[in-house]
Amino acid sequence: RRYYVEIDGQSFEVQGLDHARALLDRAKEVARTHAETLAKAAVQTARKTGDKPVPLPTPTIRSPDPELKPLIHQARLDMNAMYRQAAIDAELAMLLYRQMRDDDDEETLLLLM
């Protein structure tokens, strides 16, 4: 039996549950890299604009096949956790950057006095 999995609008035909699991595992690897890239870009943008990093949009995963529901549910949970962690890491990087910048400003001000 053939199954279908849609990831971010792109449809994939899989030949069984093991193939679907392998596809979703690969999608998680790609999502981890993508989340890190988005987080770095958000930090760079936030440094220039002074805003906090924006929430990172997670990939959408769907399938019309009920047999794949547990696999897709777990993949969504895993990817959401990856993106949430990348967003937290980006926020921490921004806070550290601001703290260092503020410390430098204080030191400069003290030197000027």
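On a predicted model such as this, the values are computed, not experimentally measured, just so you know.

**Digging into the confidence of the model for the protein chain**
Move 1: Looking at the protein chain, the pLDDT average stands at 83 and 81% of residues meet or exceed 70.
Move 2: Least confident of the elements in the protein chain is helix α2 (residues 69-112), whose mean pLDDT is 80; most confident is strand β2 (residues 10-14), at 95.

**A look at the side chain of K28**
Move 1: Mapped onto the secondary structure, K28 falls in helix α1 (residues 17-49).
Move 2: According to the relative accessible area criterion, K28 is buried, its value standing at 16%.
Move 3: In contact with K28, other than residues within four places in its own chain, are A75, D78, M79 and M82.

**Description of the layout of surface pockets**
Move 1: What the largest pocket holds in volume is close to 230 Å³.
Move 2: Along the wall of the largest pocket there are 13 residues; nearest its centre are E36, A39, Q85, A86 and D89.
Move 3: Residue assignment for the lining of the largest pocket shows that the elements contributing at least two residues are α1 and α2.
Move 4: A per-class count over the lining of the largest pocket returns seven nonpolar, two polar and four charged.
Move 5: Of the voids in this model, the second largest pocket is the one considered here, and its volume is about 180 Å³.
Move 6: Around the second largest pocket, the lining residues are I7, D8, Q10, A27, V30, A31, H34, P57, T58, P59, M79 and Y83.
Move 7: Those elements that place two or more of their residues in the lining of the second largest pocket are α1 and α2.
Move 8: With four residues, α1 is the largest single contributor of residues to the lining of the second largest pocket.
Move 9: When its residues are assigned to classes, the lining of the second largest pocket shows eight nonpolar, three polar and one charged.

Conventions we followed
- Residues numbered from 1 in each chain as written.
- Predicted model: local features only at pLDDT ≥ 70, side-chain atom pairs only at ≥ 80, totals over all residues.
- Heavy atoms only, no water.
- pLDDT = per-residue confidence, 0-100.
- Helix = DSSP H or I, 4+ residues; strand = E, 2+ residues; numbered from the N terminus.
- Buried < 20%, exposed > 50% of the residue type's maximum accessible area, 1.4 Å probe, protein only.
- Contact = heavy atoms within 4.5 Å.
- 1 Å grid on protein atoms, 1.4 Å probe; cavity = no way out; pocket = protein on both sides within 12 Å on 5 of 7 lines; lining within 4 Å.
- Points joined across faces, edges and corners; volume = space filled by probe spheres on them.
- Nonpolar A, V, L, I, M, F, W, Y, C, P; charged D, E, K, R; others polar.

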